[in-house]
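Tertiary structure, described
Listed here are the chains, written in short residue letters.
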Amino acid sequence: MNIIRPKILYPLFSDLTTVNGVGPKTAKLIEKKIGKNLIDLLFHLPHSVIRRLNNLQLKNCPSQSIITKCVKVKKHIPGYYQSRKPYIIFGECEGFDVEIIFFHFRSEYLKDKFPELTEVMVSGKIEWKKDKVQITHPDYLVNINDKDKIPKFETVYPLTSGITNKIIRKSIESSLNKIPNNFPEWIPKKLIDEKKWLSFKKSLEFIHVPQNEKEMKLRNLCFERLGFDEVYANQLGLSLYRKKNQTKKLKNKKKEYFFFTSILKKLDFQLTNAQVKCINEIEDDISKKSQMKRLLQGDVGSGKTLVALSAILNLIEINKQAVLMAPTDLLCFQHFEFISKYTSHLKIKVSLLTSKIKQVDKKKILKDILDGNSQIIIGTHSLISDSVKFYNLGIAVIDEQHKFGVNQRNKILSKGENIHLLLLTATPIPRSLTMTNYGDLDLSIINETPKNRQSIITKVIPLERYNEVITAIKRALKRNEKVYWICPLLEMSEKLDMVALVKRYEQLHKEFREYSPVMAHGKMAKEERENSINSFFTNKSKILVASTVIEVGIDIPDATIIIIENSERFGLAQLHQLRGRVGRGSLQSYCILMYNKTISEIGKSRLHTIRNSNDGFYIAEKDLDLRGPGEIFGSKQSGEENFRLFTLKDFELLETAKKLSENNSLNSKVPYSQQILMSIFNNDEYIQNLN
Ligand code: ADP
Ligand code: MG
């Protein structure tokens, strides 16, 4: 998309090579880690500040402290460039001998630049050797006349190889000069006054190049302001987007829906109140809005499928088609079985489209979809393919939505006009994340699990008690129940993890040969993996040794034990998801969290959080606190908003930003200052979307 950016921003969105002192080579290095425009550099924030200005007398400065002092050069003691003997500039400061030491250094240069009997300014870490002070490879060494070249407050940046802190600092300093002085203020004056915030430019200046203690003190406010800017841009964008969808309200009369009502009669249980509430919210959308965009959140086992089915049937009843997309073949198959079973009396054709379907059958299915013979189509990513064309698609339901990217979502929506969208997620999403990442969607929450569920008993056990675990498994297997055994398989330690997983599998295989354990992990060929899961599903195998590939959605009610080895290495939200694989039937289920000796106290207390709570939302909030947003979803997802300056813990700021954004009226133009703000944070696609 071609982004129309306000002119005033051009300098900030120009190439890094426009920065003084940055050549193509450095630009490449910076680009790789930080970004390709000046603005990226400006948003690359320092993690700390070295105070070089140290007013203490030398005698009061301990070893390892950083000093900046004037030293009188007395003598040069040459070393050898390629030997271990260092080059030493010997001098005096406040009555103490000082040695400024260089290893592997070309000596002529030093001797010329800092001649004997002149004064130099040196800054670096000191080490006392009896009454003598040593500074090895000082951070700065300049002639006394150049002493202002040593920063009093030196900001320190997360680095990338090949670039020094000095280069980053210098490039940022010259980038700062490119921020126009006549930037309009986008934050309402009242809020600025209340928070005592400084301008955008000043805030960046104080953060990157603080000049004195007063500016140092104000830096926290500056960070806060920039964080607010970022989340305000995010919220402005989302609210524009939402309002756009809301403007096209239909004046449909609410009608009775018979299909779903007839299904309710077939259930041998009652819907929970939360399910009913969500079903009503969806019904409302469908009868009133030209396009629903809704996220349905509900913990594992809370009964989202039925809620989704209500939406699907409501559309079928007004002669539309529906798709249900899910991330794995098995999940699709389970949905297919479930929906076929409950809709059998309705004369509805339900089709399943996954990679498993034979080519001949596929042709027929595609034709049925195109002709409108198939009304409910369930499938994996295959549904997105261009060969799938609909007769009149009315609704798309996406299960385990975090497994799909925004593009895939959009692709499905492009297969018709004003298609209602319902996203399902079993990962409880903390409130702040919902507001920042899904603020363009309406929200329904199932915060209640069906009453007939037995709660899962969770135990936290050290690995040494392996034998007890084996005994417990034996008992369960005798009762004809099934067991998951989960080992971590993390990207950063993949090889070692793989070895451990295979080893565990082999050991369990020896121990439980008659129960035919099988193995499933992400590094296996897809087919092989699915075969394993399938034999577990169909009872050929009673033990499934797996990595987290089984995390999403699998519903195998007679699996009653899940062992999670090295559980300290998983995120809390992920552990909660894994635990949700058991306790799905009427039998008492167990989750055993095994940990290694090396676990920290914090690690243990995290596991106790899981043991003591079964509330996915509570656990997700904890996880967000402890490990950040990436962990909530297990892996990075494409749609996930990535904040550079705002921290999600600032919930109050987020709420303020949301409130302010809602004040904007859709009918008036987006104010110039807000356009700039959104453009700075690359949220301007929202503005364009309005046209
Ligand atoms: P999830 O929210 O994890 O997708 P499902 O929709 O798969 O959960 O439901 C899990 C199981 O609970 C299914 O077997 C479903 O039939 C059953 N179920 C759904 N709603 C209820 C309810 N209100 N009472 C009892 N069981 C229910
Ligand atoms: Mg589900």
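1. Points about the overall build of the protein chain
Along the backbone of the protein chain there are 24 helices and 22 strands. In the protein chain, buried positions account for 54% of the 691 residues. Residue pairs at least 24 apart in sequence account for 74% of intrachain contacts in the protein chain once pairs closer than 6 positions are excluded. Looking at the protein chain as shown, the accessible area adds up to about 33,700 Å², and 51% of this sits on carbon and sulfur atoms. Taken together, the 108 basic and 78 acidic charged side chains of the protein chain have centroids lying 2 Å from each other.

2. So, the packing of aromatic side chains
On inspection of all chains with the given rule, the structure shows 13 aromatic pairs. Following the ring pairs from residue to residue traces out a cluster consisting of Phe 43, Phe 183, Trp 186, Phe 200 and Phe 681. When the ring centre of Tyr 140 is taken as origin, the NZ or CZ atom of Lys 166, which lies over that ring, is 4.4 Å away.

3. Overview of the domain arrangement of the protein chain
You'll often see interface size given as the accessible area lost when the parts meet. Taken domain by domain, the protein chain comprises domain 1 (7-49 + 158-241), domain 2 (53-150), domain 3 (259-446) and domain 4 (457-614). The C-alpha centroid of domain 3 is placed 71 Å from the C-alpha centroid of domain 2.

4. Details of the site of ligand 1
Around ligand 1 sit 18 residues in total, of which Gln 270, Gly 301, Lys 304, Thr 305 and Arg 453 are the nearest. Within the backbone of Gln 270, a nitrogen or oxygen atom sits 2.8 Å from a nitrogen atom of ligand 1. Ser 302 is positioned such that a nitrogen or oxygen atom in its backbone is 3.4 Å from an oxygen atom of ligand 1. Across the complex, the protein chains shield 83% of the 560 Å² of accessible surface that ligand 1 would expose by itself. The dominant element in the shell around ligand 1, judged by the number of residues it contributes, is helix α10 (residues 304-317), at three residues.

5. Comments concerning the nonpolar core
Phe 183, Trp 186, Phe 200, Phe 228 and Ile 680 are the most contacted members of the largest nonpolar core, which has 84 residues in total. Ranked by residue count, the leading element in this core is helix α7 (residues 213-247), at eight residues. When residues of this core are assigned to domains, at least three fall in each of domain 1 (7-49 + 158-241) and domain 3 (259-446). Leaving out residues up to four positions away in the same chain, Phe 200 has contacts with Phe 43, Ile 179, Phe 183, Trp 186, Arg 225, Leu 226, Asp 229 and Ile 680. By size, the runner-up hydrophobic cluster in this structure holds 39 residues, among which are Ile 279, Ile 286, Ile 376 and Leu 424.

6. Describing the pairing of strand β4 (residues 96-102)
Each regular strand shows side chains that alternate between the opposite faces of the sheet. Among the seven residues that make up β4, six are buried, leaving the element largely enclosed by the rest of the structure. Connecting strand β3 (residues 87-93) to the antiparallel partner β4 that follows it, the hairpin turn spans two residues, and Glu 94 within it adopts a positive phi of roughly 45°. Across five bridges, β4 lies against strand β7 (residues 132-136) in parallel orientation. Note that in β7 the partner of Val 98 across the bridge is Val 133.

7. Points about the environment of Lys 132
Relative to the assigned elements, Lys 132 resides in strand β7. On the basis of relative accessible area, Lys 132 is assigned to the partly exposed category, the value being 27%. Placed 40 residues apart in sequence, Lys 132 and Glu 92 show a C-alpha to C-alpha distance of 9.5 Å. Residues within four places of Lys 132 in sequence aside, it is in contact with Asp 97, Glu 99 and Glu 127. Of note is the side chain of Lys 132, whose polar atom sits 3.1 Å from the side chain of Glu 99.

8. Quick word on the sheet that holds strand β19 (residues 518-520)
Strand order in the open sheet formed by six strands is β17-β22-β21-β18-β20-β19, with parallel pairing between adjacent strands. With one partner strand each, in any of the chains shown, β17 (457-462) and β19 form the two edges of the open sheet. Across the sheet, the mean angle separating the axes of adjacent strands is 20° when strand polarity is ignored. Alignment of β17 against strand β22 (residues 590-595), held across six bridges, turns out to be parallel. The residue of β22 that forms the bridge with Lys 459 is Ile 592.

9. What to know about the sheet that holds strand β10 (residues 293-298)
Pairing is parallel across the open sheet formed by seven strands, whose spatial order is β12-β13-β11-β14-β15-β10-β16. Strands at the two margins of the open sheet, each flanked by one partner only, are β12 (350-353) and β16 (442-446). Along the sheet, successive strands turn relative to each other by an average axial angle of 20°, direction set aside. Pairing of β12 with strand β13 (residues 376-379), which is carried by four bridges, proceeds in the parallel orientation. Opposite Ser 351, over in β13, you have Ile 377 as the bridge partner. Packed onto the sheet, helix α9 (residues 273-288) meets β10, β15 (420-425) and β16 and runs at close to 160° relative to β16. With respect to the sheet, helix α12 (residues 359-371) is in contact with β11 (321-325), β12 and β13, its orientation differing from that of β12 by roughly 130°.

About the thresholds
- Residues numbered from 1 in each chain as written.
- Chains lettered and ligands numbered in written order.
- Predicted model: local features only at pLDDT ≥ 70, side-chain atom pairs only at ≥ 80, totals over all residues.
- Heavy atoms only, no water.
- Helix = DSSP H or I, 4+ residues; strand = E, 2+ residues; numbered from the N terminus.
- Buried < 20%, exposed > 50% of the residue type's maximum accessible area, 1.4 Å probe, protein only.
- Contact = heavy atoms within 4.5 Å.
- Areas by Shrake-Rupley, 256 points an atom, 1.4 Å probe, with all protein chains shown as cover.
- Lys, Arg positive; Asp, Glu negative; His and termini not counted.
- Charge placed at Lys NZ, Arg CZ, Asp CG, Glu CD.
- Phe/Tyr/Trp six-rings, centres within 6.5 Å; stacked < 30°, edge-to-face > 60°.
- Lys NZ or Arg CZ within 6 Å of the ring centre and 35° of its normal.
- Domains from an automatic or database assignment.
- Near = heavy atom within 4 Å.
- Polar contact = N/O pair within 3.5 Å; in protein donor to acceptor, adjacent residues only side chain to side chain.
- Core = buried A, V, L, I, M, F, W, Y, C linked by side-chain atoms within 4.5 Å.
- Pairing = 2+ DSSP bridges.
- Axes fitted to C-alpha atoms, helices over the stretch in contact; angles between N-to-C directions.

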